[in-house]
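Each chain is listed here by its residues.
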Amino acid sequence: MGVAGLWPVHPFHQLPLHISDFASQFLEQHAQKTTLLEVAVSDGFNSNPGGQRALRLGIDASIWLRQALASPYAVYHGGDTMISLYRQCGRLFRLPIIPFFVFDGPHRASNKRGKAVKYKLLPNEQNFRQLLECFGFGWQVVRIAPGEAEAQLAALSQLGIIDAVLSTDVDTLVFGADRILRVTGVDKNSDSIQISSYSASALAENNFTRPNLIFIALLSGGDYAVRDGITGCGIKTAVELTRTDLGPRLIHSLQVLPIEEWPNFFVQWRVDLTTILRDNPGGTLTRQHPGLAAAVPADFPDPAILALYLTPDTSPLDPLVCLNWKPPFIPSLARFAEVHFSWASQAGILNDFDKHIFVGLALREVIRDVLVNDGEVAESAMAPYSFVITPVRTKYCKRSQCEARITLEISTDLIKAVGSKLVGQRTTRQSKEELTKDWEGVNAPRRLFWGPKAVILALQP
């Protein structure tokens, strides 16, 4: 959702988001291209802003649910969204990140882009919440926002409770988030999450202040516009108009003027807007727009829509709230997989955890030890299983710039824990043989993994 045209959208996200590729001329050119791993290490583990050696990352859970429905995983698995969500959670689990998931609440806007919107649980929303709990991303870090999740996350960002927002919705910037990370793709070889990083300060230096972003939303049509802004006003003209003082003057005046003075202010403000569109007196625009000037509605802008952007409905916030590491529940995660995925026999789960989960458990063990050395209180439960972790020398390659190769010894206690809640509903003769051969017959299996280099190097004396 959001303001059409402000940034481009990776094809994976195009179906649910309605944002055009024209945006590459605007916000995208001010973004830093990087990976989520690099941001998590540099701005989370190394910088340590929250004292947890992790990036505190706010996430709009409803966007994840909608994207999962259209993901290649869901299409391949006959519309099953849970495999996509499971994989995305697994990618976060392998990084020094403490996620903070927020779901849309019952008081979100009742009208978006001129269409009535009713609040209801999305398909698989309850299953998604259960999955978050299994990963340790559970109810301690999930809030049901009374309104828009984007607004709640922006408020958390402004208070410094989270370090960044992972979102594909430009509204998060319009609501005032300090930093947004937008996923642009996933590397097929390394499974690394490619992102564009937008900071409010960098955007403001290029005239994309919050008042101007709200102004663009009003002109070209954001989520809350009953009509598409001013009919015929595209994103390019809207951006050109931000070179004037119309946006900042509008927002500032609404914040300082008594309500009874608003009507007179709007009259004069509309005169200024139509004059600039019609005559282009300062040469701010590339050309005159007499047709747009004539199309400015007599009731533009709608104060109610402005209020939705300026004072959105959010839950009460405590600036002293801290996000901490929470333990994963491996037996429950294994049982969740058995219920939802056809491949999830005990051997299938162990093989899958071997690729996607065990390295995240080892990462938590290292971070726990680092937190203890930092003098922080680190719950032993955040790393409930012990590993023998051995760094491995590798030849130089692109991946080795920010990752290190390690060997893990998988303990028998962990193998038993994976199977402790399973009921055997996916067990076959072949899976039994595979379990005996690859896991039960091996004492402390050794596996090779890639992990964040800065975290792994913290092992060294």
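What counts, and at which threshold
Residues numbered from 1 in each chain as written. Predicted model: local features only at pLDDT ≥ 70, side-chain atom pairs only at ≥ 80, totals over all residues. Heavy atoms only, no water. Helix = DSSP H or I, 4+ residues; strand = E, 2+ residues; numbered from the N terminus. Buried < 20%, exposed > 50% of the residue type's maximum accessible area, 1.4 Å probe, protein only. Contact = heavy atoms within 4.5 Å. Core = buried A, V, L, I, M, F, W, Y, C linked by side-chain atoms within 4.5 Å. Axes fitted to C-alpha atoms, helices over the stretch in contact; angles between N-to-C directions. Parallel < 35°, antiparallel > 145°, perpendicular 65-115°, else oblique. Nonpolar A, V, L, I, M, F, W, Y, C, P; charged D, E, K, R; others polar. Phe/Tyr/Trp six-rings, centres within 6.5 Å; stacked < 30°, edge-to-face > 60°. Lys NZ or Arg CZ within 6 Å of the ring centre and 35° of its normal. Salt bridge = Lys/Arg side-chain N within 4 Å of Asp/Glu carboxyl O. Left-handed = near helix turned anticlockwise from the far one by under 90°. Expected span 1.5 Å × (residues − 1).

Caption draft 1: View of the environment of Leu273. Structurally, Leu273 can be placed in helix 13 (residues 262-279). For Leu273, a relative accessible area of 0% gives the class buried. Between the alpha carbons of Leu273 and Leu292 there is a distance of 10.0 Å; along the sequence they are 19 residues apart. Residues contacting Leu273, with those up to four places away along its chain left out, are Ile230, Leu241, Leu246, Val296 and Phe300.

Caption draft 2: Spatial organisation of the nonpolar core. Ranked by size, the top nonpolar core spans 133 residues in total, and within it Leu57, Phe128, Leu131, Phe353, Phe358 and Phe387 carry the most contacts. Among the elements that make up this core, the one with the highest residue count is helix 18 (residues 358-374) (nine residues). Discounting residues that sit within four places of it in the chain, Phe387 has contacts with Phe358, Leu361, Ala362, Glu365, Leu408, Glu409, Ile410 and Leu414.

Caption draft 3: Structural detail: the packing of helix 3 (residues 61-69) against helix 5 (residues 82-93). Viewed as axis vectors pointing N to C, helix 3 and helix 5 meet at an angle of 130°, and their least axial separation amounts to 9 Å. Relative to helix 5, the element helix 3 is oriented oblique. Residues Trp64, Leu65 and Ala68 of helix 3 touch helix 5, and the partners they reach there are Ser84, Leu85, Gln88, Cys89 and Leu92. Split into classes, the residues belonging to the contact of helix 3 with helix 5 amount to six nonpolar, two polar and no charged.

Caption draft 4: Examining the packing of aromatic side chains more closely. All chains considered together, the criterion is met by 19 aromatic pairs. Between the aromatic rings of Trp64 and Phe128, the centroid separation amounts to 6.3 Å while the plane-to-plane angle is 20°, which identifies the pairing as stacked. Of this pair, Trp64 sits in helix 3 while Phe128 sits in helix 6 (residues 125-135), and the two are 64 residues apart along the sequence. Considered together, Trp64 and Phe128 belong to a single accessibility category, that of buried residues. Of note, Arg129 hangs over the ring of Phe103, and the distance from its end group to the ring centre comes to 4.8 Å. Directly above the aromatic system of Phe93 lies the positively charged group of Arg364, at a separation of 3.8 Å from the ring centroid.

Caption draft 5: Spatial organisation of the pattern of salt bridges. What the rule picks out here adds up to 18 salt bridges. Among the salt bridges present, the one from Arg335 reaches Glu338, with a minimum N-O distance of 2.7 Å. Of this pair, Arg335 and Glu338 are both found in helix 16 (residues 330-340), three residues apart, which corresponds to roughly one turn of the helix. When its relative accessible area of 2% is taken as the criterion, Glu338 is described as buried. Arg368 is the partner of Asp369 in a salt bridge, and the nearest nitrogen-oxygen pair spans 3.4 Å. The buried category is assigned to Arg368, whose relative accessible area is 17%. Salt bridges sharing common partners tie together Glu28, Lys33 and Arg182.

Caption draft 6: Molecular detail of the packing of helix 17 (residues 346-356) against helix 19 (residues 412-419). For the pair helix 17 and helix 19, the least separation of the axes is 10 Å and the interaxial angle reads 125°. Looking at the two axes, helix 17 sits oblique to helix 19. By crossing handedness, the relation of helix 17 to helix 19 is classed as right-handed. Contact with helix 17, carried on its side by Gln346, Ile349, Leu350 and Phe353, involves Ile415, Val418 and Gly419 of helix 19 and no other residues of that element. Broken down by class, the residue content of the contact of helix 17 with helix 19 amounts to five nonpolar, two polar and no charged.

Caption draft 7: Fine view of helix 18. With 17 residues, helix 18 ought to run about 24 Å at 1.5 Å a step, and its terminal C-alpha atoms sit 25 Å apart, in line with that. Extensive coverage of helix 18 is indicated by the burial of 13 of its 17 residues. At the C-terminal side of helix 18, Gly375 shows a positive phi close to 90°.

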